[in-house]
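# Coordinate inspection notes
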Amino acid sequence: MNLLILTHSYPESGNKFRGIFIQEQARILSTVHKVIVVYFKVDYSSLKPFSPYTYSFEEEQNYILYKVVTRRSLPVINQVKYLKDTYLFLSKVVLANYQIDLVHSHLVYPAGFLGTMISRKNSIPHVLTEHTSIRKYYRSYLHKLCVRYTIIHSQKIVSVSNSLKNEIYSEFKRDIEVIHNVVDTSKFFIKEKPLNDKINIGFLGSMNDQNKGLDLLLQAIASINNDKIVLHIGGK
């Protein structure tokens, strides 16, 4: 199967952890299928509203990675140019050179929106995986329409939690499959420690997102009242 993965979140030199779950998914899927990843973004370093998009091609482990870069344009127009450039690249480069059997988009906007358009125009099944609250995309009425279009017309929707599943269902009445984030347990092991040693607990994630449960963790640690338990927190 030829699988096309669309994302605007992917590890780079400046942030090696952003979208790392997508990179891991592509790596694992590529052991069974032919995988093409298209990572697209806007270069905000300078204003170049009339510059064409650029792209690069890499073979990363067992899959193909395209990086598509749109140059920053004027407000409002920038979003339209971003979507248009990526759509043109998908049509002229990816679909023209590969017989895609399935489109898998991560996050409802912009990847899910583009994936849905490609799916409907070319009669290719589309799977959307959502990782965060869809209400975060409601920055404008137009964005809300794009989200609605994507949710309604995606053939399959996957969420990473039951709470997110319930949120999407309450608004759109779509059946949602839940696939929780996976942890590679082979990278961790239980270390034997003397009973009088301190117990170190680590939290790494967003501090501004209640979905991460940091508030509950802090309450739980405070209620234990045990100076042998040390909580380490990392994030922003």
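Residues numbered from 1 in each chain as written. Predicted model: local features only at pLDDT ≥ 70, side-chain atom pairs only at ≥ 80, totals over all residues. Heavy atoms only, no water.

## Observations concerning the overall build of the chain
Looking only at helices and strands, the chain features six helices and 10 strands. Each principal axis of the C-alpha atoms in the chain carries an extent, and together these give about 65 × 40 × 40 Å. When the accessible area of the chain is evaluated, it comes to approximately 14,300 Å², of which 56% is carbon and sulfur surface. Both charge centroids of the chain, one from 30 positive and one from 19 negative side chains, sit 7 Å from each other. (Helix = DSSP H or I, 4+ residues; strand = E, 2+ residues; numbered from the N terminus. Areas by Shrake-Rupley, 256 points an atom, 1.4 Å probe, with all protein chains shown as cover. Lys, Arg positive; Asp, Glu negative; His and termini not counted. Charge placed at Lys NZ, Arg CZ, Asp CG, Glu CD.)

## Section: the confidence of the model for the chain
Taken over all residues, the pLDDT of the chain has a mean of 91, while the share at 70 or more is 99%. Strand β5 (residues 102–106) holds the highest mean pLDDT among the elements of the chain, 98, whereas strand β9 (residues 199–204) holds the lowest, 86. (pLDDT = per-residue confidence, 0-100.)

## Observations concerning the pairing of strand β3 (residues 54–60)
The pairing of β3 with strand β4 (residues 63–72) spans seven bridges and is classified as antiparallel. Paired with E58 across the strands is L65, a residue of β4. Linking β3 to β4, which pair antiparallel, is a turn of two residues; within it Q61 sits at a positive phi near 55 degrees. (Pairing = 2+ DSSP bridges.)

## Some remarks on the side chain of E130
Examined against the element boundaries, E130 turns out to sit in strand β6 (residues 126–130). One buried charged side chain, E130, makes no salt bridge at all; its nearest oppositely charged neighbour is K136, positioned 8.8 Å away. A distance of 2.9 Å separates the side chain of E130 from the side chain of Y137, its partner in a polar contact. For E130, the residues in contact, after removing those within four places along its chain, are L107, V108, Y137, V158, S159, V160, L164 and I168. (Buried < 20%, exposed > 50% of the residue type's maximum accessible area, 1.4 Å probe, protein only. Salt bridge = Lys/Arg side-chain N within 4 Å of Asp/Glu carboxyl O. Polar contact = N/O pair within 3.5 Å; in protein donor to acceptor, adjacent residues only side chain to side chain. Contact = heavy atoms within 4.5 Å.)

## Description of the pattern of salt bridges
For the structure on display, the rule yields seven salt bridges. A salt bridge links R71 to D43; the nearest nitrogen and oxygen atoms lie 2.7 Å apart. Of this pair, R71 sits in strand β4 while D43 sits in strand β2 (residues 34–47); the two residues are 28 residues apart in sequence, bridging distant segments of the chain. Here E58 and K67 are joined by a salt bridge, their closest N and O atoms 3.7 Å apart.

## Quick look at the environment of I134
Here I134 lies in the loop between β6 and α4 (141–153). Each C-alpha atom of the pair I134 and E171 lies 10.0 Å from the other, and the pair is 37 residues apart in sequence. If we skip the residues at most four places from it in the chain, I134 touches V108, V147, L164, E167, I168, E171 and F172.

## What about the sheet that holds β6?
Within the open sheet, the eight strands sit side by side as β3-β4-β2-β1-β5-β6-β7-β8. Their pairing is mixed. Since the sheet does not close on itself, it has two edges, and those belong to β3 and β8 (177–178), each with one partner.

## Here we look at a nonpolar patch on the surface
On the surface, F17, I20 and F21 cluster together into a nonpolar patch covering about 310 Å² of accessible area. Mapping F21 onto the fold places it in helix α1 (residues 20–29). A relative accessible area of 39% places F21 in the partly exposed class. (Patch = residues over 30% accessible without salt bridge, like charges linked within 9 Å, V, L, I, M, F, W, Y side chains within 5 Å.)

## What about the nonpolar core?
Among the nonpolar cores identified, the biggest contains 40 residues, and L4, V38, Y66, V94 and I100 are the most heavily contacted of them. Where this core is concerned, the elements lending two or more residues are β1 (2–7), β2, β4, α2 (77–97), α3 (108–122), α4 and α5 (162–172). Among the elements that line this core, the one with the most residues is α2, at eight residues. In contact with I100, other than residues within four places in its own chain, are N2, L4, I36, V94, L95 and I124. Judged by nonpolar contacts, the second largest core, of 13 residues, contains Y10, V35, L65 and L102. (Core = buried A, V, L, I, M, F, W, Y, C linked by side-chain atoms within 4.5 Å.)

## Side note on the pairing of β5
Within β5, five of the five residues are buried, leaving the element largely enclosed by the surrounding structure. In β5, alternate side chains face the same way, and those of L102, H104 and H106 on one face and V103 and S105 on the other are all buried. By the bridge criterion, four bridges tie β1 to β5 in an arrangement that is parallel. Following the sheet pairing, L4 is matched in β5 by V103. Across four bridges, β5 lies against β6 in parallel orientation. Among the inter-strand pairings, S105 is bridged to a residue of β6, identified as L128. Crossover connection from β5 via α3 to parallel β6: handedness right-handed. (Right-handed = clockwise from strand over helix to strand, strands pointing away.)

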